[in-house]
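# Residue-level structure breakdown
Residues per chain, in single letters:
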Amino acid sequence: MNYEAGRFWEDDTVIMTKGIIRLKKREYDFPPYRPPSEADSLLLRVTRGCPWNNCTFCSMYKDIKFQRRPILEIKEDIDMAAELYSDYDLTVFIGDSNSILIKTENLVDILEYLHEKLPGISRVTSYARAKTIIKKDVEDLRRLREAGLHRLHVGLETGDEELLKEIKKGASPEEMAEAGEKAKKAGFELSLYIILGIGGNENWQQHAKGTARVLNLIDPHFIRARTFTPRPGSEINDRISQGTFQVATPEVVLKESRLLLEELQVHSHFLSDHISNYIPLDGKLPEDKGMMLQLIDHTLRSLAEDENMRGRLTRKRFLRHL
Ligand code: SF4
């Protein structure tokens, strides 16, 4: 068995790292990142890298120049997947960070080909930037939805104006709200990501309140929390080294989560389904709010009594490959 750049192969057969797909050795191109909820999805790379690549907490695509892949090449990948999966029920995730940026007719062409070759697909999702959603005509968004793109994963990170500027997200709270409303209007399921602790040890209240305000305006289908972990190569990591950014303690992150949940008035599924998180919250709002607040309170009490627990949670900030 050979290994190279995330792929294993024997003879002429490549075995994807998910372990369930066998493909010929022709270069099937893998998106390097996908949301945790897409762990079982077929991964289809439509673009490479991030066209923005500016967020101060992110180093995911720093070494990749943004590129649109040739449609022919993408269709060849679909053909390879179809050789194995045309009879399967499956979900698909489109990478990399903002593939809806490409011309609508091209993405429609890819989506239609994908559904034609793999008729068992029940869901196709993609990351998308709020600014790109705003720039797209709502009719174009509807065409993508009708061509079989079901869900958009959008990084809100925070709803606080000052923090959004500080992390160089490239969108204001109003633009985030506009993008979310527009995506929903076009018929997409909307999954918004927030980063607990992105305000550091000092700004947790403004982060929680500002984020709840924007989420309340959008009322997305899913709110997915992850906890800030410094990534080597990111701008915030440099600030931590210089002493100008203090990473939030576990207590602060938990208090921030509590305040956020208290302020939320949405009908969303709230999840902290990422390895970086301190506790696994999973509930429907508003009905499960009390249960999730109780879990946070219980963890806060345990933290006050148990030094080992503090150590376990604090060590999560050293996770590197998320
Ligand atoms: S967080 Fe998303 S938009 Fe920001 S630089 Fe990273 S991939 Fe690009």
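### Considerations on the overall build of the protein chain
Check the secondary structure of the protein chain and you find eleven helices and 14 strands. Against the globule reference of 20 Å for 322 residues, the protein chain gives a C-alpha radius of gyration of 20 Å, in line with a compact fold. In terms of overall dimensions, the protein chain has a C-alpha envelope of 55 × 50 × 35 Å along the principal axes. Here the protein chain holds 322 residues, and the buried ones make up 37% of them. Long-range pairs, those at least 24 residues apart, make up 76% of the contacts in the protein chain between residues at least 6 apart in sequence.

### Concerning the site of the ligand
Every residue close to the ligand is listed here: Cys-50, Trp-52, Asn-53, Asn-54, Cys-55, Cys-58, Met-60, Tyr-61, Ser-97, Arg-129 and Gly-155. For the shell around the ligand, the class distribution of residues is six nonpolar, four polar and one charged.

### Examining the packing of helix α2 (residues 104-117) against helix α4 (residues 138-146)
Across the interface, α2 lies against α4 with an axial gap of 9 Å and an inter-helix angle of 10°. Relative to α4, α2 is oriented roughly parallel. Within the contact between the two elements, α2 uses Thr-104, Leu-107, Val-108 and Leu-111 and α4 uses Asp-140, Arg-143 and Leu-144. In terms of residue class, the contact of α2 with α4 is made up of four nonpolar, one polar and two charged.

### Section: the pairing of strand β12 (residues 222-227)
The buried fraction of β12 amounts to five of the six residues, a majority that puts the element mostly inside the structure. In the classification by handedness, the crossover that spans strand β11 (residues 189-196), the intervening helix α7 (residues 204-218) and the parallel β12 is right-handed. Bridge count between β12 and strand β13 (residues 269-271): three bridges; the pairing is parallel. Counted as the bridge partner of Arg-224 is Leu-271 from β13.

### A short note on the domain arrangement of the protein chain
For the protein chain, the assigned domains read domain 1 (1-149) and domain 2 (154-315). Relative to domain 2, the C-alpha centre of domain 1 lies at a distance of 27 Å. Counting residues at the interface gives 19 residues for domain 1 and 27 residues for domain 2. Sorting the residues of the side of domain 1 that touches domain 2 by element identifies α3 (130-135) and α4 as the ones contributing at least two each. Split by residue class, the side of domain 1 that touches domain 2 holds eleven nonpolar, four polar and four charged.

### Here we look at the nonpolar core
Note that soluble globular proteins tend to have their nonpolar side chains buried in a common cluster. Core analysis: the biggest nonpolar cluster contains 72 residues, and Leu-44, Phe-57, Val-92, Leu-114, Val-154, Ala-183 and Leu-192 have the highest contact counts within it. Among the domains, domain 1 (1-149) and domain 2 (154-315) are the pair contributing at least three residues each to this core. Setting aside residues no more than four positions away along its own chain, Leu-114 makes contact with Leu-44, Ile-78, Val-92, Ile-121 and Val-124.

Cut-offs used in this document
- Residues numbered from 1 in each chain as written.
- Predicted model: local features only at pLDDT ≥ 70, side-chain atom pairs only at ≥ 80, totals over all residues.
- Helix = DSSP H or I, 4+ residues; strand = E, 2+ residues; numbered from the N terminus.
- Rg over C-alpha atoms; globule rule 2.2 N^0.38 Å.
- Buried ≥ 20, exposed ≤ 12 C-beta atoms within 10 Å, placed from the backbone.
- Contact = placed C-beta atoms within 7 Å.
- Near = placed C-beta within 6 Å.
- Nonpolar A, V, L, I, M, F, W, Y, C, P; charged D, E, K, R; others polar.
- Axes fitted to C-alpha atoms, helices over the stretch in contact; angles between N-to-C directions.
- Parallel < 35°, antiparallel > 145°, perpendicular 65-115°, else oblique.
- Right-handed = clockwise from strand over helix to strand, strands pointing away.
- Pairing = 2+ DSSP bridges.
- Domains from an automatic or database assignment.
- Core = buried A, V, L, I, M, F, W, Y, C linked by C-beta atoms within 7 Å.

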